[in-house]
Amino acid sequence: MLNHITINDKIKFFKKKIKVSSDKSLSIRCVLLASQAVGISKIYNLLESEDVLNALKTIKKLGIKCKKKNNFYEIHGFGLNGFSIKKNTVINAGNSGTLARLILGLLIKSNKKIKLIGDKSLSKRDFKRVVDPLKIFGANITCKKNSLPVEVFGSDFLRPIRYFENKGSAQCKSTVMLAALNTPGTTLIKAKKSRNHTEILFKSLGIPIKIKSNKYYDIIKVNGLNQFKSFNYKIPGDISSSAFFIVLTLLSENSKIIIKNVNVNEGRIGIIKILKRMNSKIIFQNKKIYKGEKIADIYVKSTTKFNSINCPDSLNSSAIDEFLLIFLVAAKAKGISTFKNLGELNNKESPRLDIAIKFLKLIGIKVLRNKNKIKIFGNPKLQLKRNYIMKNFLKDHRVFMMTCVAALAFGGNWKIYDKDSINTSFPNFLNILKSLGAKIK
Ligand code: S3P
(Lines give C-alpha, C1' and ligand atoms only; values in the text may rest on other atoms or scores of the structure.)
Protein backbone atom coordinates (compact mmCIF):
# COMPACT_ATOMS: atom_id res chain seq x y z
CA MET A 1 0.00 0.00 0.00
CA LEU A 2 1.16 3.50 -0.87
CA ASN A 3 2.02 5.44 2.22
CA HIS A 4 2.07 8.83 0.58
CA ILE A 5 -0.54 11.22 -0.75
CA THR A 6 -0.44 13.73 -3.57
CA ILE A 7 -2.00 17.19 -3.56
CA ASN A 8 -1.96 19.18 -6.81
CA ASP A 9 -4.76 21.69 -6.27
CA LYS A 10 -5.42 24.44 -3.77
CA ILE A 11 -8.65 24.00 -1.85
CA LYS A 12 -11.64 25.96 -3.23
CA PHE A 13 -13.76 28.08 -0.91
CA PHE A 14 -15.76 26.18 1.71
CA LYS A 15 -18.38 26.94 4.32
CA LYS A 16 -18.91 24.06 6.74
CA LYS A 17 -19.57 22.88 10.27
CA ILE A 18 -17.23 20.09 11.31
CA LYS A 19 -16.35 17.95 14.31
CA VAL A 20 -12.75 17.02 14.88
CA SER A 21 -11.39 14.07 16.83
CA SER A 22 -11.67 13.91 20.63
CA ASP A 23 -9.09 15.50 22.89
CA LYS A 24 -5.97 13.31 23.13
CA SER A 25 -4.63 14.76 26.39
CA LEU A 26 -7.97 14.22 28.14
CA SER A 27 -8.49 10.76 26.60
CA ILE A 28 -5.15 9.47 27.92
CA ARG A 29 -5.68 11.06 31.35
CA CYS A 30 -9.19 9.60 31.67
CA VAL A 31 -7.93 6.09 30.81
CA LEU A 32 -5.09 6.33 33.34
CA LEU A 33 -7.22 7.81 36.13
CA ALA A 34 -10.04 5.31 35.53
CA SER A 35 -7.44 2.57 36.06
CA GLN A 36 -6.85 3.94 39.59
CA ALA A 37 -10.50 4.57 40.52
CA VAL A 38 -12.63 2.21 42.59
CA GLY A 39 -15.30 0.66 40.34
CA ILE A 40 -16.36 0.88 36.72
CA SER A 41 -15.79 4.14 34.84
CA LYS A 42 -17.50 4.93 31.55
CA ILE A 43 -15.66 7.10 29.02
CA TYR A 44 -17.73 8.43 26.11
CA ASN A 45 -16.20 9.87 22.92
CA LEU A 46 -12.82 8.39 23.77
CA LEU A 47 -10.36 9.23 20.99
CA GLU A 48 -9.74 6.01 19.07
CA SER A 49 -6.27 6.84 17.84
CA GLU A 50 -3.07 4.85 18.29
CA ASP A 51 -1.82 6.89 21.27
CA VAL A 52 -5.04 6.28 23.19
CA LEU A 53 -5.39 2.64 22.11
CA ASN A 54 -1.84 2.16 23.44
CA ALA A 55 -2.99 3.65 26.76
CA LEU A 56 -5.83 1.08 26.89
CA LYS A 57 -3.42 -1.74 25.97
CA THR A 58 -1.05 -0.57 28.70
CA ILE A 59 -3.57 -0.66 31.54
CA LYS A 60 -4.87 -4.03 30.25
CA LYS A 61 -1.33 -5.38 30.50
CA LEU A 62 -1.27 -4.13 34.07
CA GLY A 63 -4.32 -6.22 34.91
CA ILE A 64 -7.16 -3.71 34.35
CA LYS A 65 -10.27 -4.89 32.47
CA CYS A 66 -11.42 -2.56 29.64
CA LYS A 67 -14.41 -3.21 27.41
CA LYS A 68 -15.72 -1.31 24.42
CA LYS A 69 -19.52 -0.94 24.60
CA ASN A 70 -21.77 0.82 22.10
CA ASN A 71 -20.57 4.39 22.43
CA PHE A 72 -18.33 4.24 25.48
CA TYR A 73 -15.45 2.34 27.04
CA GLU A 74 -15.83 0.65 30.41
CA ILE A 75 -12.74 0.56 32.61
CA HIS A 76 -12.75 -1.57 35.77
CA GLY A 77 -10.48 0.02 38.39
CA PHE A 78 -9.38 -1.59 41.66
CA GLY A 79 -8.33 1.66 43.35
CA LEU A 80 -4.91 3.22 43.83
CA ASN A 81 -2.01 0.95 42.91
CA GLY A 82 -4.61 -1.66 41.92
CA PHE A 83 -2.56 -3.02 39.04
CA SER A 84 -1.71 -6.72 39.04
CA ILE A 85 1.61 -6.97 37.33
CA LYS A 86 3.18 -10.10 35.87
CA LYS A 87 6.90 -10.85 35.94
CA ASN A 88 8.95 -9.34 33.09
CA THR A 89 6.20 -7.00 31.94
CA VAL A 90 7.15 -4.83 28.97
CA ILE A 91 4.99 -1.80 28.14
CA ASN A 92 5.20 -0.37 24.65
CA ALA A 93 3.92 3.23 24.60
CA GLY A 94 4.31 3.44 20.79
CA ASN A 95 4.57 7.10 19.76
CA SER A 96 2.99 8.63 22.85
CA GLY A 97 5.12 10.82 25.11
CA THR A 98 2.11 11.60 27.29
CA LEU A 99 1.32 7.93 27.92
CA ALA A 100 4.96 6.95 28.45
CA ARG A 101 5.67 9.72 30.94
CA LEU A 102 2.38 9.71 32.85
CA ILE A 103 2.21 5.93 33.31
CA LEU A 104 5.60 6.04 35.07
CA GLY A 105 3.98 8.15 37.78
CA LEU A 106 1.54 5.31 38.46
CA LEU A 107 4.24 2.63 38.59
CA ILE A 108 6.43 3.90 41.40
CA LYS A 109 4.86 1.46 43.86
CA SER A 110 4.84 -1.56 41.55
CA ASN A 111 6.00 -4.81 43.14
CA LYS A 112 7.51 -6.19 39.90
CA LYS A 113 10.05 -4.81 37.48
CA ILE A 114 8.53 -3.16 34.40
CA LYS A 115 10.31 -2.13 31.23
CA LEU A 116 8.95 0.77 29.20
CA ILE A 117 9.76 1.03 25.50
CA GLY A 118 8.43 2.98 22.51
CA ASP A 119 8.78 3.52 18.77
CA LYS A 120 11.76 5.12 17.01
CA SER A 121 10.51 8.66 17.63
CA LEU A 122 9.68 8.12 21.32
CA SER A 123 13.03 6.38 21.85
CA LYS A 124 14.83 9.62 20.93
CA ARG A 125 12.94 11.71 23.52
CA ASP A 126 14.05 12.86 26.96
CA PHE A 127 12.93 10.78 29.95
CA LYS A 128 15.37 12.17 32.51
CA ARG A 129 12.83 14.97 33.04
CA VAL A 130 10.42 12.50 34.69
CA VAL A 131 12.86 9.85 35.96
CA ASP A 132 14.67 12.45 38.15
CA PRO A 133 11.64 13.55 40.21
CA LEU A 134 10.37 9.95 40.51
CA LYS A 135 13.73 8.96 42.01
CA ILE A 136 13.24 11.63 44.69
CA PHE A 137 9.91 9.99 45.63
CA GLY A 138 12.03 6.88 46.32
CA ALA A 139 11.18 4.82 43.21
CA ASN A 140 13.79 2.47 41.79
CA ILE A 141 13.87 3.78 38.26
CA THR A 142 16.56 4.02 35.62
CA CYS A 143 16.79 5.15 32.01
CA LYS A 144 19.37 4.55 29.35
CA LYS A 145 21.24 7.72 28.35
CA ASN A 146 18.29 9.85 29.52
CA SER A 147 15.85 8.08 27.19
CA LEU A 148 14.01 4.79 26.69
CA PRO A 149 14.07 2.03 27.73
CA VAL A 150 13.11 3.02 31.26
CA GLU A 151 13.03 0.33 33.94
CA VAL A 152 10.97 0.85 37.05
CA PHE A 153 10.74 -1.30 40.14
CA GLY A 154 8.56 0.33 42.74
CA SER A 155 9.26 0.88 46.38
CA ASP A 156 7.19 0.55 49.55
CA PHE A 157 9.06 3.44 51.09
CA LEU A 158 7.85 6.42 49.11
CA ARG A 159 8.02 9.94 50.48
CA PRO A 160 6.29 13.10 49.24
CA ILE A 161 8.47 15.58 47.37
CA ARG A 162 8.82 19.28 46.58
CA TYR A 163 9.31 19.71 42.86
CA PHE A 164 9.94 22.72 40.65
CA GLU A 165 8.69 22.26 37.08
CA ASN A 166 10.29 25.05 35.05
CA LYS A 167 9.83 23.92 31.43
CA GLY A 168 6.10 24.61 31.21
CA SER A 169 5.66 20.86 30.61
CA ALA A 170 2.22 19.49 31.50
CA GLN A 171 3.60 15.99 31.06
CA CYS A 172 6.25 16.47 33.79
CA LYS A 173 3.77 18.16 36.12
CA SER A 174 1.15 15.43 35.57
CA THR A 175 3.64 12.58 36.07
CA VAL A 176 4.56 14.00 39.47
CA MET A 177 0.88 14.55 40.35
CA LEU A 178 0.08 10.91 39.51
CA ALA A 179 3.07 9.71 41.55
CA ALA A 180 1.80 11.83 44.45
CA LEU A 181 -1.48 9.86 44.38
CA ASN A 182 0.30 6.70 45.57
CA THR A 183 2.57 8.44 48.06
CA PRO A 184 1.69 9.18 51.69
CA GLY A 185 1.67 12.84 52.72
CA THR A 186 1.52 16.06 50.70
CA THR A 187 3.54 16.57 47.53
CA LEU A 188 4.17 20.19 46.58
CA ILE A 189 4.72 21.23 42.97
CA LYS A 190 5.67 24.67 41.74
CA ALA A 191 4.93 24.56 38.01
CA LYS A 192 5.32 27.04 35.21
CA LYS A 193 1.87 27.51 33.63
CA SER A 194 0.82 24.72 31.25
CA ARG A 195 -2.37 22.86 30.33
CA ASN A 196 -4.13 21.95 33.59
CA HIS A 197 -6.33 18.98 32.61
CA THR A 198 -4.86 16.79 35.36
CA GLU A 199 -5.60 19.39 38.05
CA ILE A 200 -9.19 19.84 36.78
CA LEU A 201 -9.75 16.07 36.66
CA PHE A 202 -8.36 15.63 40.20
CA LYS A 203 -10.81 18.28 41.45
CA SER A 204 -13.79 16.77 39.64
CA LEU A 205 -12.93 13.31 41.03
CA GLY A 206 -12.68 14.61 44.59
CA ILE A 207 -8.93 13.90 44.88
CA PRO A 208 -7.54 16.25 47.56
CA ILE A 209 -5.67 19.00 45.71
CA LYS A 210 -5.00 22.67 46.52
CA ILE A 211 -3.83 25.19 43.96
CA LYS A 212 -2.55 28.75 44.36
CA SER A 213 -1.71 30.66 41.20
CA ASN A 214 0.00 33.80 40.04
CA LYS A 215 0.51 34.96 36.46
CA TYR A 216 3.41 32.59 35.72
CA TYR A 217 3.30 29.73 38.22
CA ASP A 218 0.91 27.38 39.96
CA ILE A 219 1.66 25.99 43.41
CA ILE A 220 -0.07 22.61 43.57
CA LYS A 221 -0.44 20.45 46.68
CA VAL A 222 -1.61 16.85 46.26
CA ASN A 223 -2.51 14.68 49.24
CA GLY A 224 -1.70 11.03 48.56
CA LEU A 225 -3.36 7.71 49.37
CA ASN A 226 -6.95 8.93 49.07
CA GLN A 227 -9.10 6.50 47.12
CA PHE A 228 -11.56 7.98 44.61
CA LYS A 229 -14.66 6.58 42.95
CA SER A 230 -15.14 5.56 39.32
CA PHE A 231 -16.59 8.24 37.05
CA ASN A 232 -18.34 8.98 33.76
CA TYR A 233 -16.73 11.37 31.29
CA LYS A 234 -17.59 12.62 27.80
CA ILE A 235 -14.45 13.77 25.98
CA PRO A 236 -14.80 17.04 23.96
CA GLY A 237 -13.01 17.86 20.69
CA ASP A 238 -9.26 18.52 20.52
CA ILE A 239 -8.01 22.07 19.94
CA SER A 240 -4.72 20.77 18.55
CA SER A 241 -6.62 18.82 15.88
CA SER A 242 -8.93 21.82 15.28
CA ALA A 243 -5.86 23.99 14.69
CA PHE A 244 -5.24 22.44 11.23
CA PHE A 245 -8.70 23.54 10.11
CA ILE A 246 -8.47 26.94 11.80
CA VAL A 247 -5.29 27.75 9.88
CA LEU A 248 -6.49 26.21 6.60
CA THR A 249 -9.63 28.38 6.79
CA LEU A 250 -7.66 31.52 7.62
CA LEU A 251 -5.29 30.97 4.68
CA SER A 252 -8.00 30.02 2.14
CA GLU A 253 -10.12 32.46 0.17
CA ASN A 254 -13.72 33.35 1.17
CA SER A 255 -14.11 30.40 3.52
CA LYS A 256 -15.77 29.90 6.87
CA ILE A 257 -15.81 27.07 9.32
CA ILE A 258 -17.41 26.20 12.64
CA ILE A 259 -15.67 23.51 14.65
CA LYS A 260 -18.12 22.05 17.16
CA ASN A 261 -17.58 21.29 20.82
CA VAL A 262 -13.86 21.87 21.32
CA ASN A 263 -11.95 21.95 24.61
CA VAL A 264 -10.61 25.50 24.95
CA ASN A 265 -8.69 25.08 28.22
CA GLU A 266 -6.68 28.27 28.92
CA GLY A 267 -3.44 26.25 28.75
CA ARG A 268 -4.23 25.19 25.16
CA ILE A 269 -5.39 28.37 23.42
CA GLY A 270 -2.03 30.02 22.79
CA ILE A 271 -2.59 29.53 19.05
CA ILE A 272 -5.85 31.50 19.19
CA LYS A 273 -4.23 34.37 21.10
CA ILE A 274 -1.28 34.48 18.68
CA LEU A 275 -3.42 34.30 15.53
CA LYS A 276 -5.78 37.01 16.83
CA ARG A 277 -2.79 39.29 17.36
CA MET A 278 -1.90 38.57 13.72
CA ASN A 279 -5.35 39.90 12.68
CA SER A 280 -7.30 36.65 12.39
CA LYS A 281 -11.04 36.38 12.82
CA ILE A 282 -11.68 33.62 15.37
CA ILE A 283 -14.65 33.60 17.76
CA PHE A 284 -15.66 31.17 20.52
CA GLN A 285 -19.43 30.53 20.41
CA ASN A 286 -21.81 28.57 22.66
CA LYS A 287 -19.32 28.55 25.52
CA LYS A 288 -19.99 26.16 28.38
CA ILE A 289 -18.23 24.44 31.25
CA TYR A 290 -18.08 20.64 31.48
CA LYS A 291 -16.59 19.16 34.67
CA GLY A 292 -14.37 22.21 35.04
CA GLU A 293 -13.16 22.30 31.40
CA LYS A 294 -14.12 25.15 29.05
CA ILE A 295 -15.83 24.00 25.85
CA ALA A 296 -16.84 26.12 22.83
CA ASP A 297 -17.63 26.01 19.13
CA ILE A 298 -14.87 27.78 17.19
CA TYR A 299 -15.91 30.07 14.35
CA VAL A 300 -13.22 31.05 11.83
CA LYS A 301 -13.31 33.20 8.70
CA SER A 302 -10.63 33.62 5.99
CA THR A 303 -8.26 36.53 6.50
CA THR A 304 -6.56 38.35 3.67
CA LYS A 305 -4.01 40.49 5.51
CA PHE A 306 -2.00 39.06 8.40
CA ASN A 307 0.23 41.15 10.65
CA SER A 308 3.60 39.85 11.73
CA ILE A 309 4.09 39.17 15.43
CA ASN A 310 6.79 39.51 18.04
CA CYS A 311 5.54 36.50 19.97
CA PRO A 312 5.96 36.67 23.76
CA ASP A 313 7.45 33.42 25.05
CA SER A 314 4.85 33.40 27.86
CA LEU A 315 2.52 31.93 25.17
CA ASN A 316 4.93 29.13 24.18
CA SER A 317 3.58 26.40 26.46
CA SER A 318 -0.07 27.02 25.57
CA ALA A 319 0.73 26.89 21.83
CA ILE A 320 3.41 24.19 22.01
CA ASP A 321 1.80 21.69 19.60
CA GLU A 322 0.67 24.37 17.14
CA PHE A 323 3.84 26.27 16.21
CA LEU A 324 4.21 24.48 12.87
CA LEU A 325 0.84 25.98 11.88
CA ILE A 326 1.53 29.40 13.40
CA PHE A 327 4.71 29.54 11.27
CA LEU A 328 2.59 29.03 8.11
CA VAL A 329 0.58 32.13 9.01
CA ALA A 330 3.81 34.04 9.73
CA ALA A 331 5.01 32.97 6.25
CA LYS A 332 2.00 34.76 4.75
CA ALA A 333 2.14 37.83 7.04
CA LYS A 334 3.37 41.30 6.18
CA GLY A 335 6.70 41.86 7.92
CA ILE A 336 9.07 39.87 10.07
CA SER A 337 7.73 37.64 12.87
CA THR A 338 9.88 36.68 15.83
CA PHE A 339 9.54 33.63 18.10
CA LYS A 340 11.90 32.86 20.98
CA ASN A 341 12.82 30.16 23.50
CA LEU A 342 11.51 27.41 21.26
CA GLY A 343 13.97 24.73 22.46
CA GLU A 344 11.12 22.47 23.68
CA LEU A 345 9.90 22.14 20.07
CA ASN A 346 12.91 19.98 19.32
CA ASN A 347 11.81 17.58 22.09
CA LYS A 348 8.57 16.59 20.36
CA GLU A 349 7.68 13.58 18.14
CA SER A 350 10.31 14.95 15.75
CA PRO A 351 12.78 17.85 16.13
CA ARG A 352 10.01 20.22 15.07
CA LEU A 353 11.98 23.45 15.21
CA ASP A 354 14.64 22.07 12.83
CA ILE A 355 11.98 20.57 10.57
CA ALA A 356 9.89 23.78 10.52
CA ILE A 357 12.89 25.84 9.44
CA LYS A 358 13.75 23.38 6.63
CA PHE A 359 10.11 23.40 5.56
CA LEU A 360 9.83 27.21 5.45
CA LYS A 361 13.02 27.37 3.38
CA LEU A 362 11.63 24.67 1.05
CA ILE A 363 8.63 26.91 0.30
CA GLY A 364 10.88 29.90 -0.35
CA ILE A 365 10.49 31.76 2.95
CA LYS A 366 13.54 33.45 4.47
CA VAL A 367 14.19 32.34 8.06
CA LEU A 368 16.98 33.41 10.39
CA ARG A 369 17.81 31.33 13.42
CA ASN A 370 19.82 32.19 16.47
CA LYS A 371 19.80 29.12 18.75
CA ASN A 372 16.15 28.79 19.79
CA LYS A 373 14.98 32.10 18.41
CA ILE A 374 13.72 32.47 14.84
CA LYS A 375 12.74 35.31 12.57
CA ILE A 376 10.34 34.52 9.73
CA PHE A 377 10.27 36.97 6.81
CA GLY A 378 6.65 36.88 5.65
CA ASN A 379 5.50 37.10 2.04
CA PRO A 380 1.83 38.16 1.71
CA LYS A 381 1.92 37.10 -1.97
CA LEU A 382 3.11 33.56 -1.23
CA GLN A 383 1.94 31.21 -4.03
CA LEU A 384 3.65 27.91 -4.78
CA LYS A 385 4.02 26.46 -8.29
CA ARG A 386 6.85 23.90 -8.15
CA ASN A 387 7.00 20.21 -7.22
CA TYR A 388 7.62 19.42 -3.58
CA ILE A 389 8.36 16.22 -1.69
CA MET A 390 8.00 15.95 2.07
CA LYS A 391 9.53 12.94 3.78
CA ASN A 392 11.90 11.87 6.60
CA PHE A 393 10.15 13.59 9.48
CA LEU A 394 10.11 10.60 11.87
CA LYS A 395 6.45 9.99 10.97
CA ASP A 396 5.48 13.02 13.06
CA HIS A 397 1.68 13.28 12.68
CA ARG A 398 1.66 17.05 13.14
CA VAL A 399 4.33 17.58 10.47
CA PHE A 400 2.31 15.49 8.00
CA MET A 401 -0.93 17.38 8.68
CA MET A 402 0.75 20.82 8.61
CA THR A 403 2.21 19.96 5.19
CA CYS A 404 -1.27 19.08 3.86
CA VAL A 405 -2.55 22.47 5.08
CA ALA A 406 0.36 24.28 3.39
CA ALA A 407 -0.21 22.41 0.12
CA LEU A 408 -3.95 23.15 0.10
CA ALA A 409 -3.47 26.80 1.05
CA PHE A 410 -0.38 27.80 -0.96
CA GLY A 411 -0.57 25.51 -4.03
CA GLY A 412 2.19 23.55 -5.77
CA ASN A 413 2.40 19.85 -6.59
CA TRP A 414 3.04 17.88 -3.45
CA LYS A 415 3.98 14.35 -2.59
CA ILE A 416 3.70 13.88 1.17
CA TYR A 417 4.96 10.67 2.79
CA ASP A 418 3.92 8.78 5.94
CA LYS A 419 0.19 9.34 5.74
CA ASP A 420 -0.36 6.62 8.38
CA SER A 421 1.10 9.01 10.92
CA ILE A 422 -2.35 10.62 11.29
CA ASN A 423 -3.48 7.50 13.18
CA THR A 424 -1.48 8.76 16.16
CA SER A 425 -3.94 11.55 16.96
CA PHE A 426 -6.43 12.21 14.17
CA PRO A 427 -7.37 9.18 12.02
CA ASN A 428 -10.21 11.09 10.33
CA PHE A 429 -8.07 14.05 9.23
CA LEU A 430 -7.93 13.32 5.49
CA ASN A 431 -11.65 12.45 5.32
CA ILE A 432 -12.59 15.79 6.87
CA LEU A 433 -10.31 17.62 4.41
CA LYS A 434 -12.02 15.77 1.55
CA SER A 435 -15.45 16.72 2.93
CA LEU A 436 -14.37 20.38 2.60
CA GLY A 437 -13.58 19.76 -1.06
CA ALA A 438 -9.83 19.07 -0.90
CA LYS A 439 -8.55 16.95 -3.79
CA ILE A 440 -6.20 14.39 -2.30
CA LYS A 441 -4.96 11.21 -3.96
C1 S3P B 1 0.79 17.07 26.51
C2 S3P B 1 1.69 18.04 26.86
C3 S3P B 1 2.62 18.64 25.91
C4 S3P B 1 2.23 18.37 24.45
C5 S3P B 1 1.80 16.96 24.23
C6 S3P B 1 0.65 16.58 25.14
C7 S3P B 1 -0.08 16.52 27.57
O8 S3P B 1 3.91 18.10 26.13
O9 S3P B 1 3.28 18.71 23.59
O10 S3P B 1 1.43 16.77 22.88
O11 S3P B 1 -1.10 15.88 27.27
O12 S3P B 1 0.24 16.75 28.76
P13 S3P B 1 4.88 18.75 27.24
O14 S3P B 1 4.13 18.72 28.49
O15 S3P B 1 6.11 17.88 27.32
O16 S3P B 1 5.19 20.12 26.74
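Rules and cut-offs
- Residues numbered from 1 in each chain as written.
- Predicted model: local features only at pLDDT ≥ 70, side-chain atom pairs only at ≥ 80, totals over all residues.
- Domains from an automatic or database assignment.
- Contact = placed C-beta atoms within 7 Å.
- Nonpolar A, V, L, I, M, F, W, Y, C, P; charged D, E, K, R; others polar.
- Helix = DSSP H or I, 4+ residues; strand = E, 2+ residues; numbered from the N terminus.
- Near = placed C-beta within 6 Å.
- Axes fitted to C-alpha atoms, helices over the stretch in contact; angles between N-to-C directions.
- Parallel < 35°, antiparallel > 145°, perpendicular 65-115°, else oblique.
- Left-handed = near helix turned anticlockwise from the far one by under 90°.
- Pairing = 2+ DSSP bridges.

Observations regarding the domain arrangement of the chain
In step 1: Assigned domains of the chain: these are domain 1 (4–21 + 236–435) and domain 2 (24–234).
In step 2: Centre-to-centre separation of domain 1 and domain 2, based on C-alpha positions: 29 Å.
In step 3: Between domain 1 and domain 2, the contact holds 23 residues from the first and 24 residues from the second.
In step 4: Classifying every residue of the side of domain 1 that touches domain 2 gives 3 nonpolar, 12 polar and 8 charged.

Focus: the environment of Lys19
In step 1: As for its placement among the helices and strands, Lys19 is situated in the loop between strand 2 (15–18) and helix 1 (24–34).
In step 2: Spatially, the C-alpha atom of Lys19 lies 31 Å from that of Arg125, the residues being 106 residues apart in sequence.
In step 3: Non-local contacts of Lys19, meaning those with residues more than four positions away in its chain, are made with Gly237, Lys260 and Asn261.

Topic: the site of the ligand
In step 1: If you check the shell around the ligand, you find Ser25, Thr98, Ser169, Ala170, Gln171, Ser174, Ser194, Arg195, Ile320, Asp321 and Glu344 and nothing else.
In step 2: In terms of residue count, the dominant contributor to the shell around the ligand is helix 6 (residues 170–181) (3 residues).
In step 3: Grouping the constituent residues of the shell around the ligand by class yields 2 nonpolar, 6 polar and 3 charged.
In step 4: Residue assignment places the shell around the ligand across two domains, with domain 1 (4–21 + 236–435) and domain 2 (24–234) each supplying three or more.

Considering the packing of helix 3 (residues 97–106) against helix 6
In step 1: It is the contact of helix 3 with helix 6, at a shortest axis distance of 7 Å, that shows an interaxial angle of 25°. Accordingly, the angle class assigned to the pair helix 3 and helix 6 is roughly parallel. Along this stretch, helix 3 crosses helix 6, giving a crossing that reads as right-handed. Judged by residue contacts, Gly97, Thr98, Arg101, Leu102, Leu104, Gly105 and Leu106 of helix 3 engage Gln171, Ser174, Thr175, Val176, Leu178 and Ala179 from helix 6.
In step 2: Residues that form the contact of helix 3 with helix 6 fall into these classes: 6 nonpolar, 6 polar and 1 charged.

Let's talk about the sheet that holds strand 18 (residues 336–339)
In step 1: Across the sheet, 3 strands lie side by side as 18-20-19; this open sheet has antiparallel pairing. Of all the strands in the sheet, the pair left with one neighbour each is strand 18 and strand 19 (366–370). Geometrically, the sheet is characterised by an average inter-axis angle of 15° between neighbouring strands, direction not taken into account.
In step 2: As judged from the 4 bridges shared by strand 18 and strand 20 (residues 373–377), these two strands associate in the antiparallel manner. Bridging across to strand 20, Thr338 finds its partner in Lys375.
In step 3: Across the face of the sheet, helix 11 (residues 352–362) comes into contact with strand 19 and strand 20 while running at roughly 155° to strand 19.

Observations regarding unusual backbone geometry
Most peptide bonds are trans, and most residues other than glycine sit at a negative phi.
In step 1: In the segment running from Leu148 into Pro149, the intervening peptide bond is cis, with an omega of -5°.
In step 2: Among the secondary structure elements, Pro149 is positioned in strand 9 (residues 147–153).
In step 3: If you check the backbone angles, Asn392 has positive phi at about 60° while not being a glycine.
In step 4: Position of Asn392 among the secondary structure elements: in the loop between strand 21 (384–390) and helix 12 (397–410).

Details of the sheet that holds strand 6 (residues 89–92)
In step 1: In space, the 4 strands of this open sheet follow the order 6-7-9-8, with mixed pairing throughout. Because the sheet does not close on itself, it has two edges, and the strands there are strand 6 and strand 8 (140–144). Within this sheet the neighbouring strands show an average axis-to-axis angle of 20°, counted without direction.
In step 2: Taken together, the 4 bridges between strand 6 and strand 7 (residues 113–117) define a ladder with parallel strand orientation. Of the residues in strand 7, the one forming a bridge with Thr89 is Ile114.
In step 3: In the packing of helix 5 (residues 128–137) onto the sheet, the strands contacted are strand 8 and strand 9, and the crossing angle to strand 8 comes to about 160°.

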